[in-house]
Amino acid sequence: MSASIDRIDPAADTRFFDGYTRVMLSVMFVILMFIFASGKYMSAHKMEATGTDDKVNNLATQVTRGEHHPFIDLPGDAQVGAFSIANFFAGLIVGHHWTRLFGTRKVARDEEKDA
Amino acid sequence: MHIEDGILSPQACATWYAAATVFVVPGIYEIKRRIRDNLAYKPFLAMVGVAVFVISAMHLPVPVTGSCSHPCGTTLAAIIVGPFASVVISAIVLFFQAVFLGHGGITTIGANTFSMGIAGALTGYLLWKGLRALHCPLWLAAGVAGLVGDLMTYFVSAFELAWSLHGNVPLWRQCLIFFMGYAPTQVPLAIAEAVFTVAVLQAMLSRRPDLLRGVLAKKGA
């Protein structure tokens, strides 16, 4: 363990603002600027900015002449709560089965053999 | 393309479930076979699944039409993890989006999987393969695949709605009515998806070509 720590170059390890990070941040800012500009434009022109899926689903509802509701529908933030709880336990279960799902590292296997 | 519960008839929902199952089963076998060959395929597949989940839930505003829509990401997934594996990914993604985001529906997972994971992804994949076989450059093949795959997803969604709801109106007319509901917003996003597909494949090729083993016909293409 100590040998592997010795091998880390502190100078190289702290250079996180590398080319990849800069490109990703630039792309993110360009997309966010586009979203903010579009939002501002749509707000200024009193556009609803609803989802196209919703628009077409509502158009289809006019044909069926009946309202449609999600099969499972939770009010307000209860939906976010349910999503978080499910993610939390899914994460614990996947973590518990991690090696079974994705195998063990070769180094760990070699160490196990040596022991 | 996320059709919600209560719009399609139960018969239509069952039909689309059956049609999607025909592609999901070979997808599961494809995943098992690839994992036997390469264990690293499994976490890679999981990450691609996460990417499809995020991309297909990412609503981008289109100021020209005053509404928002999302790209699909399934053509890219089909190219890098395999066409049938991407069907399985789509089914899982649509299940989670329906249950936890209220996006789409439980009864319509079959229909939504068919439009996004099968029609869109396989059309894009076949175009990619065809154009690469004709020695087209990566940017052209990936761009056309991303563009057409995205639009095909929405066209098939419109067809699914029309097939179930056209009544006395001719099927293709109703299909075009629904498609024209999607198209004005979706065309700019399909172009964006084309650019995104090219950018991701180019980035993977330059940084991690090992992840594209068997994807490119020629090394360094």
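Structure: see above.
Residues numbered from 1 in each chain as written. Chains lettered and ligands numbered in written order. Predicted model: local features only at pLDDT ≥ 70, side-chain atom pairs only at ≥ 80, totals over all residues.

S.K.: Would you take a moment to explain the interface of chain B and chain A for this structure?
M.R.: Note on interface size: it is often stated as the accessible area lost on association of the parts. Facing 31 residues of chain B, the contacting portion of chain A comprises 34 residues. Within the residue set of the side of chain B that touches chain A, elements represented by two or more residues are helix H2 (41–55), strand S1 (60–62), strand S2 (67–69), helix H4 (83–100), helix H6 (138–165) and helix H7 (171–207) of chain B. When residues in the side of chain B that touches chain A are grouped by element, the largest group, five residues, is from H7 of chain B. Split into classes, the residues belonging to the side of chain B that touches chain A amount to 16 nonpolar, 12 polar and three charged. (Contact = placed C-beta atoms within 7 Å. Helix = DSSP H or I, 4+ residues; strand = E, 2+ residues; numbered from the N terminus. Nonpolar A, V, L, I, M, F, W, Y, C, P; charged D, E, K, R; others polar.)

S.K.: Looking at this structure, I do not really get the nonpolar core. What am I missing?
M.R.: Generally speaking, soluble globular proteins have nonpolar side chains that are buried together. Ala77, Ala145 and Ala158 of chain B are the most contacted members of the largest nonpolar core, which has 70 residues in total. When residues of this core are traced back to their parent elements, those giving at least two are helix H4 (52–64) of chain A together with helix H1 (10–37), H2, helix H3 (74–81), H4, helix H5 (109–133), H6 and H7 of chain B. No other element matches H6 of chain B, which puts 16 residues into this core. When residues no more than four places from it in sequence are discounted, the contact partners of Ala145 of chain B are Thr75, Ile79, Gly124, Tyr125, Leu127, Trp128 and Thr197 of chain B. (Core = buried A, V, L, I, M, F, W, Y, C linked by C-beta atoms within 7 Å. Buried ≥ 20, exposed ≤ 12 C-beta atoms within 10 Å, placed from the backbone.)

S.K.: Can you help me understand the packing of H2 of chain B against H3 of chain B in this one?
M.R.: How two helices sit against one another is set out by the angle between their axes and by the gap between those axes. Residue and element names in this part refer to chain B. The geometry of H2 relative to H3 is characterised by a closest axis approach of 10 Å and an angle of 170 degrees between their N-to-C directions. Relative to H3, the element H2 is oriented roughly antiparallel. Here H2 contributes Phe44, Leu45, Val48 and Val52 to the contact with H3, which in turn contributes Thr74, Ala77, Ile80 and Val81. Among the residues forming the contact of H2 with H3, the class breakdown is seven nonpolar, one polar and no charged. (Axes fitted to C-alpha atoms, helices over the stretch in contact; angles between N-to-C directions. Parallel < 35°, antiparallel > 145°, perpendicular 65-115°, else oblique.)

S.K.: Looking at this structure, I do not really get unusual backbone geometry. What am I missing?
M.R.: With the exception of glycine, the majority of residues adopt a negative phi angle, and the majority of peptide bonds are in the trans configuration. Of note in this structure, Lys46 of chain A is not a glycine but carries a positive phi near 55 degrees. Relative to the helices and strands, Lys46 of chain A is located in the loop between helix H3 (19–44) and H4. A residue is classified by how many C-beta atoms lie within 10 Å of it, and Lys46 of chain A, with 7 of them, is exposed. Of note, His135 of chain B is a non-glycine position whose phi angle comes to about 65 degrees, a positive value. Within the secondary structure layout, His135 of chain B lies in the loop between H5 and H6.

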